[in-house]
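Here is what each chain is made of, one letter per residue.
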Amino acid sequence: MDDESTKTVEVSSDKTEEYFEQKRILKNLRGDIKDLKTQHEKWNELQQINKKAKEIRDEIKEDDEIRELEEKTKQVKERIELMKEMIRIDLIENAEIEVKKDGKVLKLVYVLKEGKEEDR
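No experiment lies behind these values; they were computed from the predicted model shown.

Draft legend 1. Main features of the overall build of the protein. Counting its secondary structure elements, the protein contains 3 helices and 2 strands. For the protein, the sequential pattern of α-helices and β-strands runs α-α-α-β-β. Residue burial in the protein is summarised as follows: out of 120 residues, 1% are buried. For the protein, the accessible area works out to roughly 12400 Å², and carbon and sulfur atoms hold 53% of it.

Okay, structure coming up:
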């Protein structure tokens, strides 16, 4: 490798190392918070209230009108995702990065996504 590409990898590696270190710290802090919450004197009272609230939410969800509208919402969301994928493909095929309509813009963007390394 030439010096420039090695330099880029080293900088990226340092940032990556710090990223995963911060993720580890965050995980530990969240664990500590959870432990402290479960030890709080009001924890059991909160759990009972949450259980009752869940029962009420479930009862409300069973209402026929609500269930019907939620199903329609689900269908519309699925259609939106399908349309987004079709627009994405069109943009890629036409070497474009965005499309505008009625003052709104849909853009192709690059996203950094975290995942687990697969066994090889």
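Draft legend 2. Seen up close, the pairing of strand β1 (residues 98-101). Of the pairings in the sheet, the one linking β1 to strand β2 (residues 104-107) comprises 4 bridges and is antiparallel in character. Counted as the bridge partner of V99 is L106 from β2. In this structure, the hairpin formed by β1 and β2 is closed by a connection of 2 residues, where D102 is found at a positive phi of approximately 50°.

Draft legend 3. Looking closely at unusual backbone geometry. Here the phi dihedral of A95 falls at roughly 55°; this positive angle occurs in a residue that is not glycine. Secondary-structure assignment places A95 in the loop between α3 (64-93) and β1. Even without being a glycine, D102 presents a positive backbone phi close to 50°.

Draft legend 4. Region of the structure containing the packing of aromatic side chains. Applying the stated rule across the entire model yields 1 aromatic pair. Ring geometry for Y19 against F20: centres 5.0 Å apart, planes inclined by 80°, an arrangement best described as edge-to-face.

Draft legend 5. How the structure looks around α3. Along its 30 residues, α3 runs 44 Å from first to last C-alpha, staying within 8% of the 44 Å computed at 1.5 Å per residue. Two or three places before E65, at the start of α3, stands the capping residue D63, its side-chain oxygen 3.0 Å from that residue's backbone nitrogen. The first or second residue beyond α3 is A95, which carries a positive phi of 55°.

Draft legend 6. Region of the structure containing a nonpolar patch on the surface. Taken together, the side chains of I56, I60 and I66 make up a nonpolar region of the molecular surface, amounting to roughly 230 Å² of accessible area. Following the sequence through the fold, I56 ends up in helix α2 (residues 43-61).

Draft legend 7. Layout of the environment of E98. Along the chain, E98 falls in strand β1. The spatial distance from the C-alpha of E98 to the C-alpha of V109 is 9.3 Å, given a sequence separation of 11 residues. Once residues lying within four places of it in the same chain are set aside, the contact partners of E98 are L91, V105, L106 and K107.

Draft legend 8. View of the pattern of salt bridges. Counted by the stated rule, this structure contains 11 salt bridges. Salt-bridge contacts for E62 lead to R67; the nearest nitrogen and oxygen are separated by 3.0 Å. Take R67: its relative accessible area is 39%, and that puts it in the partly exposed class. The partner of K84 in a salt bridge is E81, and the shortest N-O contact between them spans 3.4 Å. Taken together, the residues K84 and E81, both in helix α3 and 3 residues apart, mark about one turn of the helix. Given a relative accessible area of 47%, E81 falls into the partly exposed group.

About the cut-offs
Residues numbered from 1 in each chain as written. Predicted model: local features only at pLDDT ≥ 70, side-chain atom pairs only at ≥ 80, totals over all residues. Heavy atoms only, no water. Helix = DSSP H or I, 4+ residues; strand = E, 2+ residues; numbered from the N terminus. Buried < 20%, exposed > 50% of the residue type's maximum accessible area, 1.4 Å probe, protein only. Areas by Shrake-Rupley, 256 points an atom, 1.4 Å probe, with all protein chains shown as cover. Pairing = 2+ DSSP bridges. Phe/Tyr/Trp six-rings, centres within 6.5 Å; stacked < 30°, edge-to-face > 60°. Expected span 1.5 Å × (residues − 1). Polar contact = N/O pair within 3.5 Å; in protein donor to acceptor, adjacent residues only side chain to side chain. Patch = residues over 30% accessible without salt bridge, like charges linked within 9 Å, V, L, I, M, F, W, Y side chains within 5 Å. Salt bridge = Lys/Arg side-chain N within 4 Å of Asp/Glu carboxyl O. Contact = heavy atoms within 4.5 Å.

Interpretation in functional terms is not warranted from these geometric data alone.
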